[in-house]
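# Residue-level structure breakdown
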Amino acid sequence: MLHHIIIFFFMFSGCALPKKRLFVKNKTYLEYTEEYKSCTGRGVLDSKGELKGKLLFSFKSQRDSTFLEFADILGRKSLLIWITPSSITARNLMENKQYNQEDIINIFPLLTILKPSDMTKMFWGVEPEYKKNLKDLPRTITKNIELSFDKKRSNYNGKTIGGVEFYNRQTMESVLIDFKSRKMNVEDINMKKFWRLLNY
């Protein structure tokens, strides 16, 4: 009888133990691009500086290139941006004006510390290793800059970037990016047709 009581006690104790949480490792940019061919999504950008106000945006990223389409709150397309590993180009649809990389940095000060390749990683949901870029910038700039990434649980294992916040204490410029959706796709995107949109 005592033997049965001891067995029952251990069985009950085992059931009462809390379940251990399984640790899920966040995927790297390389792992995502090996498993998926493209990434698409939507979000909201809130900026204070040379570019003021809120803009809605959609993005399409394939391997190391990203295409962004911005629209105002009324849904009117206003800006197109094309990102490659080493360059960024843009076209202002309202003014029918083409921007080079220096112009874009003035509009989006976030690019002061993020390289084009870092931006694409960010749209894939991966936090870029941007701190090494700070070594190339003057201390007078880096001491006034704050950059943070908000992560949330993903449907694709681990956590991905849900938001980005940039602030320059000296110039009072700020950029808030809120990712509303992100989808990993196993299909290719015809990126050439989006590239043609940037040409006159």
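What you are looking at is a predicted structure, and each value in this text was computed from that prediction instead of being measured. (Residues numbered from 1 in each chain as written. Predicted model: local features only at pLDDT ≥ 70, side-chain atom pairs only at ≥ 80, totals over all residues. Heavy atoms only, no water.)

Further remarks concern the packing of aromatic side chains. Applying the stated criterion across every chain yields a total of eleven aromatic pairs. An aromatic cluster is present here, built from Phe 57, Phe 59, Phe 70, Phe 108, Phe 123 and Phe 179 joined pairwise through their rings. Above the plane of the ring of Phe 179 lies Arg 182, whose end atom (NZ or CZ) is 4.6 Å from the centre. (Phe/Tyr/Trp six-rings, centres within 6.5 Å; stacked < 30°, edge-to-face > 60°. Lys NZ or Arg CZ within 6 Å of the ring centre and 35° of its normal.)

This next bit is on helix H4 (residues 116-123). For H4, the buried fraction is high: six of the eight residues fall into the buried class. Listed in full, the buried residues belonging to H4 are Pro 116, Asp 118, Met 119, Thr 120, Met 122 and Phe 123. Gly 125 sits one or two residues past H4 and shows a positive phi near 95°. (Buried < 20%, exposed > 50% of the residue type's maximum accessible area, 1.4 Å probe, protein only. Helix = DSSP H or I, 4+ residues; strand = E, 2+ residues; numbered from the N terminus.)

Here we take up the pattern of salt bridges. Counting across every chain of the model gives eight salt bridges. In this structure, Glu 35 engages Lys 27 in a salt bridge whose closest nitrogen and oxygen atoms are separated by 2.4 Å. Residue Glu 35 is classed as partly exposed on the basis of its relative accessible area, which comes to 44%. Classification of Lys 27 by relative accessible area gives buried; the value is 15%. Two residues, Glu 127 and Lys 151, come together in a salt bridge whose shortest N-O distance is 3.3 Å. Here Glu 127 is found in the loop between H4 and helix H5 (139-142), whereas its partner Lys 151 is found in strand S7 (residues 145-153), with 24 residues between them in sequence. Linked by salt bridges that have partners in common, Lys 37, Arg 63 and Asp 188 make up one network. (Salt bridge = Lys/Arg side-chain N within 4 Å of Asp/Glu carboxyl O.)

These figures come from the coordinates and say nothing about function on their own.
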